[in-house]
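# Descriptive structure summary
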Amino acid sequence: MRPLVAALLFIAALDLGAASKPKVKLTTSLGAIVMELEPDVAPKTVENFLKYVKKGQYKGTIFHRVIPGFMIQGGGYVDYLGKKRTDASIPNEADRSAAAGLKNKRGTVAMARTPDPHSAAAEFFINVVDNPALDFKGKTNDKTWGYCVFGKVVQGMDVVDRIKAVKTSNKRSDFLNLPVKPVLITDAVQLP
């Protein structure tokens, strides 16, 4: 009986390893943030995000939109406000993530997009408060589609809070809530 128990424990351990969720570490000029992603819930979104991580898309980008009672957004611009090139947009999986119980709550990570619900590419945001207005409500229009939650911060919320507290200003009409001193993402790597 003992060999059977040992074999079952070994198989259970293998299953737990296979089910582990990918983690990404963002190193910023204010500290490190570790995010755990949800590939079972938002597979295309996670695949897209990890593709950008692996090709170095986020290195040298900034958090270009920082709103203390809302969220911090980054991944699309370099410190002199040049927009980074991206691949094609991905479909919005907010319906899937919401059905799995993921909401835009404090510490969750979601894809940024334009008013077109299916326009997300590389930019992401971290919710610094609960934002139920951003949750999926239906497929009627851009406001009801919501924003796809695809992960959560598991380490470094103190860094997120430091970022949300930086002084911001408006630079032209297209850069509102821009940190006065750039908050850089110096590296982004998938953890083993």
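Everything below is about the structure shown above.
Everything in this summary refers to the structure shown in the same document. In this text, all values refer to a predicted model and were calculated from it rather than measured experimentally.

### Structural notes on unusual backbone geometry
For Leu-81, which is not glycine, the phi torsion reads 70° and is therefore positive. For Leu-81, the position within the fold is in the loop between β4 (71-78) and α3 (94-99). Overall, Leu-81 belongs to the buried group, its relative accessible area being 12%. At Asn-177, a residue that is not glycine, the phi angle is positive and equals roughly 60°. Within the fold, Asn-177 resides in strand β9 (residues 175-179). A relative accessible area of 24% means that Asn-177 is categorised as partly exposed.

### So, the sheet that holds strand β1 (residues 23-28)
Pairing is antiparallel around the closed barrel formed by 8 strands, whose spatial order is β1-β2-β7-β5-β6-β4-β3-β10. This sheet shows a mean twist of 35° between the axes of neighbouring strands, independent of strand direction. For β4 and strand β6 (residues 124-127), the ladder comprises 4 bridges, and the chain directions are antiparallel. The partner of Gln-73 across the bridge, within β6, is Phe-125. Packing against the sheet, helix α5 (residues 157-164) makes contact with β1, β2 (31-37), β3 (61-67), β4, β6 and β7 (149-155), and its axis sits at approximately 120° to β2.

What counts, and where the lines are drawn
- Residues numbered from 1 in each chain as written.
- Predicted model: local features only at pLDDT ≥ 70, side-chain atom pairs only at ≥ 80, totals over all residues.
- Heavy atoms only, no water.
- Helix = DSSP H or I, 4+ residues; strand = E, 2+ residues; numbered from the N terminus.
- Buried < 20%, exposed > 50% of the residue type's maximum accessible area, 1.4 Å probe, protein only.
- Pairing = 2+ DSSP bridges.
- Axes fitted to C-alpha atoms, helices over the stretch in contact; angles between N-to-C directions.
- Contact = heavy atoms within 4.5 Å.

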